[in-house]
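Read off the chains here:
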Amino acid sequence: MRIHFCPNTLREDQLSVARDLIKALENDNIVCTLSENDSMAVFSDNSHTGSVEDCDIIASLGGDGSVLRAAQVAIEYDKKLIGINAGRLGYLCAVDAKTIIEEGFDISNLILSKRSLLKITYEGSDYHALNDIVLSKSNFGSTITVDISCNQMEDMRWRGDGIIISTPTGSTSYSYAAGGPFVDPNLKAFIITPICPHLGSEKSIILSDDDVISLKPKDTYANIPSLYVDGNNIGNLETDVEIMKSEKQLSLLTSRKSLNYNKIRK
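None of the values given here were measured: they were computed from a predicted structure.

Q: Got a minute to help me understand the pairing of strand β6 (residues 111-122) in this structure?
A: Looking along a regular strand, one sees side chains alternate from face to face of the sheet. Note: β6 against strand β17 (residues 241-254), nine bridges, orientation antiparallel. Pairing of Lys114 across the sheet is with Ser251, part of β17. Counting the residues that bridge the hairpin from β6 to strand β7 (residues 125-129) gives two residues, and of these Glu123 lies at a positive phi of roughly 50 degrees.

Q: I would appreciate a short explanation of the pairing of strand β12 (residues 189-195) in the present structure.
A: Summarising burial for β12: seven of the seven residues are buried, a large majority. Along β12, one buried face is formed by Ala189, Ile191, Thr193 and Ile195 and the opposite face, lined by Phe190, Ile192 and Pro194, is buried too. Here β12 pairs with strand β13 (residues 205-208) via four bridges, running antiparallel. Paired with Ile192 across the strands is Ile205, a residue of β13.

Q: What is the right way to read the environment of Leu117 from this model?
A: Summarising the element assignment, Leu117 is placed in strand β6. With relative accessibility at 0%, the residue Leu117 sits in the buried group. Remark: the alpha-carbon pair of Leu117 and Asp211, spanning 94 residues in sequence, is separated by 13 Å. For Leu117, the residues in contact, after removing those within four places along its chain, are Ile75, His128, Ala129, Leu130, Thr167, Met244, Lys245, Ser246, Lys248, Gln249 and Leu250.

Q: Please clarify how the sheet that holds strand β8 (residues 132-136) should be interpreted in this entry.
A: Note: strands within a sheet are paired through backbone hydrogen bonds, in either parallel or antiparallel orientation. Strand order in the open sheet formed by six strands is β13-β12-β11-β8-β15-β16, with antiparallel pairing between adjacent strands. Across the chains shown, the open sheet's two edge strands, defined by having one partner strand only, are β13 and β16 (232-236). For this sheet, the mean angle separating the axes of adjacent strands, direction not counted, is 20 degrees. Sheet topology note: the strand β15 (residues 226-229)/β16 ladder contains four bridges and is antiparallel. Within the sheet, the bridge partner assigned to Tyr228 lies in β16 and is Asn233.

Q: Quick question: what am I supposed to make of the nonpolar core here?
A: Side chains of nonpolar character tend, in soluble globular proteins, to be buried together. The biggest cluster of nonpolar side chains holds 25 residues, and the ones touching the most others in it are Ile133, Ile148, Ile165, Ile192, Ile213 and Leu215. Among the elements that make up this core, the one with the highest residue count is strand β9 (residues 144-150) (four residues). Counting 24 residues, the second-largest nonpolar core is a separate cluster that includes Ala18, Leu61, Ile84 and Leu110.

Thresholds, definitions, all that
Residues numbered from 1 in each chain as written. Predicted model: local features only at pLDDT ≥ 70, side-chain atom pairs only at ≥ 80, totals over all residues. Heavy atoms only, no water. Pairing = 2+ DSSP bridges. Helix = DSSP H or I, 4+ residues; strand = E, 2+ residues; numbered from the N terminus. Buried < 20%, exposed > 50% of the residue type's maximum accessible area, 1.4 Å probe, protein only. Contact = heavy atoms within 4.5 Å. Axes fitted to C-alpha atoms, helices over the stretch in contact; angles between N-to-C directions. Core = buried A, V, L, I, M, F, W, Y, C linked by side-chain atoms within 4.5 Å.

This is how it looks when you write it as structure tokens:
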């Protein structure tokens, strides 16, 4: 088995975990590779540099943020992804690094879950989101106004700090923090959740993932909204944009068959 790691290289404690984890896996005859930059960060040399194309599994090491970053690699190369937790909550992670180091890696205990993705085309490039696409105000002192339409509901105008469009996977993340519902990752749905709505009356809406959602920012002379895909700012939005289900999916290895609500509440 060949595992390509995408570690969190911003934290020194997680670099140490990465070294211990890779050593433990290599003792079990598992080939571990990293990008050249990550190999230099973890081992201070390029001894573990390897190609993503040659791996069987991509593994993130860190928390859920690391999973989201590694997911972009897994989506691009159509590889299975496993999240290995060396952070805090690690909801999207299948196993803790400490468990693998102490007990070994048993892939037979994992479940392959096909996760739907959102897609947005911005300035000629396609972006795919595992968690969410967010339209957020860039000026802290004012709100933004957004017209929302899709083929299954009447047009709406929402005003507030922003709008979250999330997948079922992302329903436990920013959307949940903004008051959105938990949605089972197996459901074919999108969730639209307002961020601090101006009137306080707007609530989350759950739509079929066959719907195409159109967002059109209004009054951008006062506050040009920022556009985020899985937490990454890809630019500002002054014209309308469409969000839809991606033709791609993410193959996520997980130990959970359904949402672990108790873990989320902790």
